[in-house]
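Residue-level listing of the chains:
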Amino acid sequence: MIYVDNAATTKMSKTAIHTMTAMMEDTWGNPSSLYSIGQRAKEVLEKARADVASVIGAEPREITFTSGGSEADNQAILTAALLGEKSGKKHIVSSAFEHHAVLHTLNKLEKMGYEITLLDVHENGMIIPSELEAAIREDTCLVTIMTANNEIGTIQPIRELGAICRSRKVLFHTDAVQAVGHIPLNVIEDNIDLLSASAHKFHGPKGVGFLYARKGIRLTNLIEGGAQERGKRAGTENVPGIVSMAEALKEANAGMEKNAEHLVKMRDRLIAGLKEIPHSALNGDAEHRLPGNVNFCFEGIEGESLLLLLDDKGIQASSGSACTSGSLDPSHVLLAIGRVHDVAHGSLRLSIGEDITEADVDYLIKSVKEVVEYLRGFSPIWRDLMAGKKQFIL
Amino acid sequence: MALYSEKVMEHFRNPRNVGVIEDADGIGEVGNAKCGDIMKMYLKIEDDIIKDVKFETFGCGSAIASSSMATELIKGKPVSEAMKLTNKAVAEALDGLPDYKMHCSVLAEEAIRSALEDYQKRTGKQIK
């Protein structure tokens with residue numbers, strides 16, 4: 001089996017699994033309890049907070065543990081929106097291809113009377129900093145732009161965008177779920193005020209993530225209750241998950257450079273191979289791109305059937321086709337970069353993992369070529385394109 | 001994948017009657033690329049019997065399986081019977097489809113009806 005859906009989730013590392021089970025066996029106390037097994041749990045929890053903070057250049061008290069990236073996104077955006085409202089600022093700038101955890105939260109705020117501006121991400125899936133500069137208004141309270149896109153893998157010029165927000169005195173949040181543990185990030189150098197991350201994207205467990213909020217930004221609670229997480233996120237802490245996440249993050253961070261070097265080599269070999277398929281196109285900028293992300297559109301075929309046939313060949317991948325989402329519309333990310341519906345339905349995302357080999361890549365190329373050719377063989381669209389009755393888009 | 005029944009997967013993996021009939025007596029095409037499904041049906045009709053049927057489909061697994069099953073259900077049958085094919089019959093023959101994929105069986109029904117209507121138009125015959 002070749003698992004190439006690491007942007008959806010990653011397999012937990014051995015260290016992360018061992019840490020988690022060890023916590024469950026030995027350190028299962030409630031960190032809020034004052035007796036020794038509770039205090040031991042408190043100790044490992046705070047050590048995990050310090051570890052996570054140090055990886056992104058933050059202070060431990062700036063880290064709030066959450067149930068994952070979506071919760072962190074929700075809390076960051078709601079916090080900034082409510083802070084803005086206090087000073088009469090109810091305008092938020094974001095981008096058209098954010099994760100739904102961001103876009104749906106913005107939709108909710110829009111219904112509550114906020115104004116939302118979504119920046120264009122252009123054909124290459126990149127934000128143009130001057131367009132952010134121009135979009136910020138007197139009443140802008142938040143800019144939220146993802147560090148790296150989950151579908152097409154493009155990496156935004158976060159440092160530059162953050163600097164613009166700093167100079168305009170606007171809070172800057174970044175959904176860094178796809179980036180943390182994969183590319184270098186430092187909240188100080190990158191001018192980040194709020195950052196969301198999720199453990200299961202860097203070989204940690206599911207159901208755990210964290211929100212970085214710069215000192216002085218008073219978080220709004222999504223969950224009311226006890227005084228856990230400095231009163232900003234109630235509920236007994238998921239100690240095994242949190243400690244496991246911290247270990248996974250340290251591991252990912254330590255191996256980052258070496259992993260990225262290998263992944264980029266494999267990614268570019270895969271891209272070069274898939275480009276040989278006629279009437280195909282890479283989605284997203286080729287250079288400013290996550291080391292493990294490959295995303296293509298193939299004209300004349302539909303993504304779900306492509307995925308099912310690849311699954312038969314032992315390849316686990318994903319697509320932005322409508323059929324994989326349960327709606328009639330293909331991925332909003334592909335539409336945002338200007339892919340028309342016909343072509344967006346025929347998309348394939350291969351998000352490779354660190355253990356991928358050259359032989360795997362060659363097998364992927366061969367298999368995708370075979371399946372695309374097979375499906376085109378009985379596609380009425382492909383027939384019309386080949387007969388010249390329709391114009392090729394790609 | 002438990003998304004689909006074994007029957008759907010079997011027809012998806014080994015679709016019956018794939019291809020084109022060059023001298024077809026009726027051709028029907030339904031759906032559009034915007035929604036992600038297009039089905040094209042070709043019929044060869046002799047003495048009001050569907051002697052041959054072929055299809056081409058751009059679409060998801062259930063669209064391909066629905067096309068394949070629909071062709072199986074009408075092949076060798078009188079045109080009057082084919083005209084009565086329902087999406088429900090297609091879905092049932094496939095041991096069911098997920099709710100949000102039922103439109104694939106609807107497309108199959110419509111593609112066959114569209115091909116039969118084309119046949120009526122070409123021949124001036126009325127299918128009863």
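This next bit is on the domain arrangement of chain A. Bring the parts together and some accessible area is lost; that lost area is often taken as the interface size. Residue and element names in this part refer to chain A. Per the domain assignment, the segments making up chain A are domain 1 (14-254) and domain 2 (256-386). Relative placement of domain 1 and domain 2: their C-alpha centres are 29 Å apart. Contacts between the two partners involve 29 residues from domain 1, matched on the other side by 18 residues from domain 2. Of the roughly 1900 Å² buried where domain 1 meets domain 2, counting both sides, 57% is carbon and sulfur surface. Area buried by domain 1 at its contact with domain 2 is led by E151, I152 and H182, which between them contribute 32% of it. Where domain 1 touches domain 2, the interface holds 0 salt bridges. For the pair domain 1 and domain 2, the number of links is 13 residue pairs in polar contact (both at pLDDT 80 or more). When contributions to the side of domain 1 that touches domain 2 are tallied by element, the ones reaching two or more residues are α4 (100-111) and α7 (239-254). Examining the composition of the side of domain 1 that touches domain 2, we find that 3 residues originate from one element, α7, more than from any other. Class assignment for the residues of the side of domain 1 that touches domain 2 results in 12 nonpolar, 13 polar and 4 charged.

Right, let's get into α4 of chain A. Residue and element names in this part refer to chain A. Across its 12 residues, α4 extends 16 Å between first and last C-alpha, which sits within 8% of the 16 Å expected from 1.5 Å per residue. All buried positions along α4 are accounted for by A101, V102, L103, T105, L106 and L109. Check the buried side of α4 and you find it contacts α3 (69-86), β3 (91-95), β4 (115-119), β5 (140-144), β6 (171-175) and α10 (332-336). Just beyond α4, the residue with positive phi is G113, at close to 105°.

On the side of chain A, 23 residues touch chain B, which itself brings 27 residues to the contact. Taken over both partners, the interface formed by chain B and chain A buries close to 2200 Å², and the fraction arising from carbon and sulfur atoms is 65%. Linking chain B with chain A are 3 salt bridges, by the criterion used here. Between D312 of chain A and R13 of chain B there is a salt bridge, with the nearest N and O atoms lying 2.5 Å from each other. Mapped onto the side of chain B that touches chain A, the elements with two or more residues apiece are α1 (6-13), β2 (37-46), β3 (49-58) and α2 (61-74) of chain B. Ranked by residue count, the leading element in the side of chain B that touches chain A is β3 of chain B, at 4 residues. Classifying every residue of the side of chain B that touches chain A by side-chain character gives 17 nonpolar, 5 polar and 5 charged.

It is worth spelling out empty space enclosed by the protein at this point. Residues and elements named next belong to chain A. Following the criterion strictly, the structure yields 4 cavities of 30 Å³ or more and no others. In terms of lining residues, the largest cavity is bounded by 18 residues, among which N6, Q178, H182, G292 and I352 are the most central. Looking at the lining of the largest cavity residue by residue, the class counts come to 5 nonpolar, 11 polar and 2 charged. When residues of the lining of the largest cavity are assigned to domains, at least three fall in each of domain 1 (14-254) and domain 2 (256-386). The volume enclosed by the second largest cavity comes to roughly 50 Å³. Lining the second largest cavity are G181, H182, M256, N259, A260, L263, P291 and E354. Looking at the lining of the second largest cavity residue by residue, the class counts come to 4 nonpolar, 3 polar and 1 charged.

Core analysis: the largest hydrophobic core is formed by 68 residues, its most contacted members being V4, L270, F298, L306 and L348 of chain A together with I50 and L116 of chain B. For I50 of chain B, the residues in contact, after removing those within four places along its chain, are L43, K44, I45, I74, K75, G76, K77, V79, A82 and L116 of chain B. In terms of nonpolar packing, the next biggest core, distinct from the first, is built from 59 residues, A16, I136, F210 and A248 of chain A among them.

Glancing now at the sheet that holds β4 of chain A. Residue and element names in this part refer to chain A. Pairing is mixed across the open sheet formed by 7 strands, whose spatial order is β2-β8-β7-β6-β5-β3-β4. Only two strands of the sheet have a single partner each, and these edge strands are β2 (63-66) and β4. Each strand axis lies, on average, 20° off the axis of its neighbour in the sheet, ignoring direction. Of the strand pairs in this sheet, β5 and β6 are connected by 3 bridges, and their pairing is parallel. Residue pairing across strands places L142 opposite L171, the latter belonging to β6. Packing against the sheet, α3 makes contact with β2, β3, β5, β6, β7 (194-198) and β8 (209-213), and its axis sits at approximately 165° to β7.

The rules we used
Note on numbering: residues in each chain are counted from 1, in written sequence order. Here chains are named by letter from A upward and ligands by number from 1 upward, in the order in which they appear as written. Note on the predicted model: pLDDT of at least 70 is required for a residue's local features to be given, and 80 or more for side-chain atom pairs to be given and counted; whole-chain, interface and lining totals, by contrast, use all residues. The basis for every side-chain value is the complete set of non-hydrogen atoms in the structure, without hydrogens or water. What fixes the domain bounds is an automatic or database domain assignment. Only heavy atoms enter the contact rule, under which two residues are in contact if any of them lie within 4.5 Å. Throughout, buried area stands for the accessible area (probe radius 1.4 Å) lost by two parts on being put together, summed over both. The rule for a salt bridge is simple: a side-chain nitrogen of Lys or Arg has to be within 4 Å of a carboxyl oxygen of Asp or Glu. Polar contacts, as used here, are pairs of N or O atoms within 3.5 Å; protein pairs need one atom able to donate a hydrogen and one able to accept it. Residues neighboring in sequence count only if both atoms are side-chain atoms. Helical segments are the DSSP runs of H or I of at least four residues, strand segments are the runs of E of at least two, and each set is numbered from the N terminus. All amino acids are sorted into three groups, where Ala, Val, Leu, Ile, Met, Phe, Trp, Tyr, Cys and Pro are nonpolar, Asp, Glu, Lys and Arg are charged, and the leftover types, Gly among them, are polar. To estimate the expected span of a helix, subtract one from its residue number and multiply by 1.5 Å. Burial here depends on accessible area, computed with a 1.4 Å probe over protein chains only, as a share of the maximum for the residue type. Under 20% is buried, over 50% is exposed, and the range in between is partly exposed. Buriedness for pockets is judged along seven lines, at least five of which must meet protein on both sides within 12 Å for an open set on the 1 Å grid over protein atoms alone, while cavities are sets there where a 1.4 Å probe fits but cannot get out, and lining residues have an atom within 4 Å of a point. Grid points are joined across faces, edges and corners, and a volume is the space filled by probe spheres set on the points. Take the buried residues of types Ala, Val, Leu, Ile, Met, Phe, Trp, Tyr and Cys, join any two whose side-chain atoms come within 4.5 Å, and each joined set is a nonpolar core. Any two strands are treated as partners once DSSP identifies two or more bridges connecting them. A fitted line through C-alpha atoms serves as each axis, taken over the contacting stretch for helices, and the angle formed by two N-to-C directions is quoted from 0 to 180°.

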